[in-house]
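Listed below, chain by chain, are the residues.
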Amino acid sequence: MFEPAIAPSASLLGLLQRGRGDGTLHALAAERSDALAALEECVTSDPRRDWQVENRSLYYARLFMELEAPLQGLEDHLFCAEDLLDDEESRTGLTLAVLGRLAGYGRHEALLLLRRYAAAGSNWAWALDELAVREDDAALAALAEPVLARFPEGPEGDAALRATVRDAYEPRPWHLWAQTHPRVAAATEQAPFDLWQRQLDRPGNAPAWSTPAVLAWADAASTTGRGASPEQFERRVGAAVRCLAAVAGPEDRPLLRRTAREGQDGARCAALRHLADHDDESAPDLLELAAADLSRQTADYALGTLCRVRTPRFLARARIWAADPEGGPLADASARLLACAGVAADAPAVVAALHRWIYRQGADGDGLAVLVEGVGRLAAATGVTALRHVYAETSCSQLRGSAARSLAAVDPCFPTGAAVECLWDCEETTRELAARHVFTKGDGRVLDRLRRMAADPGEEAEVHAAVRGRLSGG
């Protein structure tokens, strides 16, 4: 996966890339040329680690409005020669989403850019989705000709048209065009049947209905399927686990234990997960053995299994594993389990694991959110310093939101500190959290921001509710 280059958190560019509230505040106080350059860099070079789940469009669009920023840089990005060579949504998606937000705020030139790009750009479908919720029928009707010209007459073009209609995020333009274009009407009617046909034609063989047969079938994920991705391996093993839940009985326990100890990767992982799910007395020992296996597939699956179980047997062993002073994968996985299902006495182990993670890997990573949220759930006040570090340094806006929620639970300075900044954050859940916790007495800047949020038509409904509750309740 592409990793964006993120500037230091203390810089204007780094703050804006992270979507932090301080990014907006610093941009408004900086030289306008510097702020415009940093803002344009963010919108044309998407800084998100996961562009499909992290929010930035409203955050950047608001700053465009505050700075009265020109759109020439966005236009150059959309219509450059690279657009003919790179049709990945991630290259232009954020730019188009920001233009959509600006159109919603009344920037007519943003609407014109979206129309041009929908007619001629490679990521035209995204632009069309943005227009679908903002344009009138006449303007959308005018786009039918250039869009439909992308689908040549004939079986292949008709199939591509059906797929596009089926996958459209906003169906309004297609339903509108179906009234006057027979090809679109036919595609609209046929698209659901294509989906059903694909589901009926899905290839794959099912295992025979016995425990040995299911285990042998699971082994196909690690023998004949050696080229399979980790996701495919996990799906195959997960299907085998579900089958074992239906067919395995008490008489199969010896086979399952033996397989979980020494089987091939696929069968071993399926047997181990089944035994863990059914709280078998041998499961903790078998999982500890698998977690140290030389096979990365088996070790990773064992650690993932540990994070999913919640039985007293596993929690007791997890406390022993998490106490390992040298840390290690099993200790870290055990701490993540305790973060999710432990009690207050487990807080030191969770905080220690959080500190180890930050020391070794920094303020980002797929497993960090569990530890961050666990510190808040367990009310571990000793983790405040680590939470503040994650909040300030992470490049993932969702992880920063998790840190903010935990800080709200354990940091007495949150209402007058980070909560103020969070009112300008890019994530709606973080802004809502801030609105509910921020200290409002005697701070005109906070009250002014709350009033602006309440009047902002682009703000989310949940945030509006929280803000208006604070303004009416004091």
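Residues numbered from 1 in each chain as written. Predicted model: local features only at pLDDT ≥ 70, side-chain atom pairs only at ≥ 80, totals over all residues. Heavy atoms only, no water.

J.: Would you mind going over the overall build of the chain in detail, with residue names and values included?
T.: Within the chain one finds 30 helices and 0 strands. If one aligns the C-alpha atoms of the chain with their principal axes, the spans along those axes are about 70 × 70 × 40 Å. In the chain, which comprises 474 residues, the proportion classed as buried is 50%. Taking as baseline every contact in the chain between residues at least 6 positions apart, the subset at least 24 positions apart corresponds to 65%. (Helix = DSSP H or I, 4+ residues; strand = E, 2+ residues; numbered from the N terminus. Buried < 20%, exposed > 50% of the residue type's maximum accessible area, 1.4 Å probe, protein only. Contact = heavy atoms within 4.5 Å.)

J.: Describe the packing of helix α18 (residues 265–277) against helix α19 (residues 283–291), naming the residues involved and giving the relevant values.
T.: Look at α18 against α19: their axes get within 9 Å of each other, and the N-to-C directions meet at 145 degrees. As for how α18 packs across α19, the hand of that crossing is left-handed. Contacts between α18 and α19 involve R268, L272, L275 and A276 from the first element and A283, L286, L287, L289 and A290 from the second. (Axes fitted to C-alpha atoms, helices over the stretch in contact; angles between N-to-C directions. Left-handed = near helix turned anticlockwise from the far one by under 90°.)

J.: Describe in detail the nonpolar core, supporting the description with residues and values.
T.: Counting residues in hydrophobic clusters, the biggest one holds 85 residues, and the most contacted among them are L287, L306, L354, L371, V372 and L423. For L306, the contacting residues outside a window of four places in its chain are L287, F314, W321, L330, A333, S334 and L337. One finds L39, F64, V98 and L131 within the second-largest nonpolar core, a separate group that totals 51 residues. (Core = buried A, V, L, I, M, F, W, Y, C linked by side-chain atoms within 4.5 Å.)

J.: Residue-level account of the packing of helix α7 (residues 89–104) against helix α9 (residues 124–132), with values.
T.: Running from N to C, α7 and α9 cross one another at 20 degrees; their axes reach a closest spacing of 9 Å. In this view, α7 runs roughly parallel relative to α9, as classed from their interaxial angle. As for how α7 packs across α9, the hand of that crossing is right-handed. Counted together, E89, G93, L96, A97 and G100 of α7 and W126, A127 and E130 of α9 form the full contact between these two elements. (Parallel < 35°, antiparallel > 145°, perpendicular 65-115°, else oblique.)

J.: Talk me through the layout of surface pockets; I want residue IDs and the actual numbers.
T.: Estimates place the volume of the largest pocket at around 960 Å³. Lining the largest pocket are 36 residues, with A97, W126, D129, E130 and Y169 sitting closest to its centre. Within the residue set of the lining of the largest pocket, elements represented by two or more residues are α4 (57–67), α7, α9, α12 (155–167) and α28 (428–437). The element contributing the most residues to the lining of the largest pocket is α9, with 6 residues. Quantified by volume, the second largest pocket comes out at close to 550 Å³. (1 Å grid on protein atoms, 1.4 Å probe; cavity = no way out; pocket = protein on both sides within 12 Å on 5 of 7 lines; lining within 4 Å. Points joined across faces, edges and corners; volume = space filled by probe spheres on them.)

J.: Summarise helix α16 (residues 230–247); cite the residues concerned and give the values.
T.: Taking 1.5 Å per residue, 18 residues should reach 26 Å; α16 reaches 26 Å between its end C-alpha atoms and fits that length. Among all positions of α16, only F233, V237, G238, A239, A240, V241, C243, L244 and V247 are buried. Contacts made by the buried residues of α16 are with α15 (211–219), α17 (253–262), α18 and α20 (296–306). (Expected span 1.5 Å × (residues − 1).)

J.: Residue-level account of the environment of K441, with values.
T.: Summarising the element assignment, K441 is placed in the loop between α28 and α29 (444–455). In this structure K441 comes out as exposed when scored by relative accessible area, which is 57%.

J.: Account for the environment of I358, with residues named and values stated.
T.: Summarising the element assignment, I358 is placed in helix α23 (residues 347–361). A sequence separation of 89 residues divides I358 from C269, and the C-alpha atoms of the two residues are 30 Å apart.

J.: An account of the confidence of the model for the chain is needed here, citing residue identities and associated values.
T.: Summarising the model, the chain shows a mean pLDDT of 91, and 93% of its residues fall at 70 or more. In this model residues 199–203 is a low-confidence stretch, pLDDT under 50, and it forms 0 contacts with partners more than four residues away in sequence or in other chains. (pLDDT = per-residue confidence, 0-100.)

J.: An account of the packing of aromatic side chains is needed here, citing residue identities and associated values.
T.: Scanning all chains against the criterion turns up 6 aromatic pairs. When the centroid spacing of 6.1 Å and the interplanar angle of 80 degrees are considered together, the rings of W124 and F151 count as edge-to-face. Of the two residues, W124 is situated in helix α9 and F151 in the loop between α11 (144–148) and α12; the sequence distance between them amounts to 27 residues. Taking the relative accessible area as the measure of exposure, F151 reaches 7% and is therefore buried. Consider the rings of W124 and W174, whose centres lie 6.4 Å apart with planes at 65 degrees: the pair is edge-to-face. Here W124, found in helix α9, pairs with W174, found in helix α13 (residues 172–178); they are 50 residues apart in sequence, far enough to count as distant. W124 gets classed as buried once you look at its relative accessible area, which sits at 10%. W174 sits in the buried class, given a relative accessible area of 3%. A cation over an aromatic ring shows up here: R116 above the ring of F79, its NZ or CZ 4.0 Å from the ring centre. For R236, the ring lying beneath its charged end belongs to W217, and the centroid distance is 4.0 Å. (Phe/Tyr/Trp six-rings, centres within 6.5 Å; stacked < 30°, edge-to-face > 60°. Lys NZ or Arg CZ within 6 Å of the ring centre and 35° of its normal.)

J.: Could you give an account of the pattern of salt bridges, naming the residues involved and the relevant values?
T.: Enumeration according to the criterion identifies 33 salt bridges in this entry. Of the charged contacts, one joins R172 and D137 as a salt bridge, the two residues approaching to 2.7 Å between their closest N and O atoms. You can see R172 sitting in helix α13 and its partner D137 sitting in helix α10 (residues 137–142), a full 35 residues away along the chain. Residue R400 is joined to D425 by a salt bridge in which the shortest nitrogen-to-oxygen separation is 2.8 Å. Here D425 lies in the loop between α27 (418–422) and α28 and R400 lies in helix α26 (residues 397–410), a separation of 25 residues in the sequence. For the pair R400 and D425, one class covers both residues: buried. Members of the salt-bridge network, linked through shared partners, are R62, R431, D456 and E459. (Salt bridge = Lys/Arg side-chain N within 4 Å of Asp/Glu carboxyl O.)

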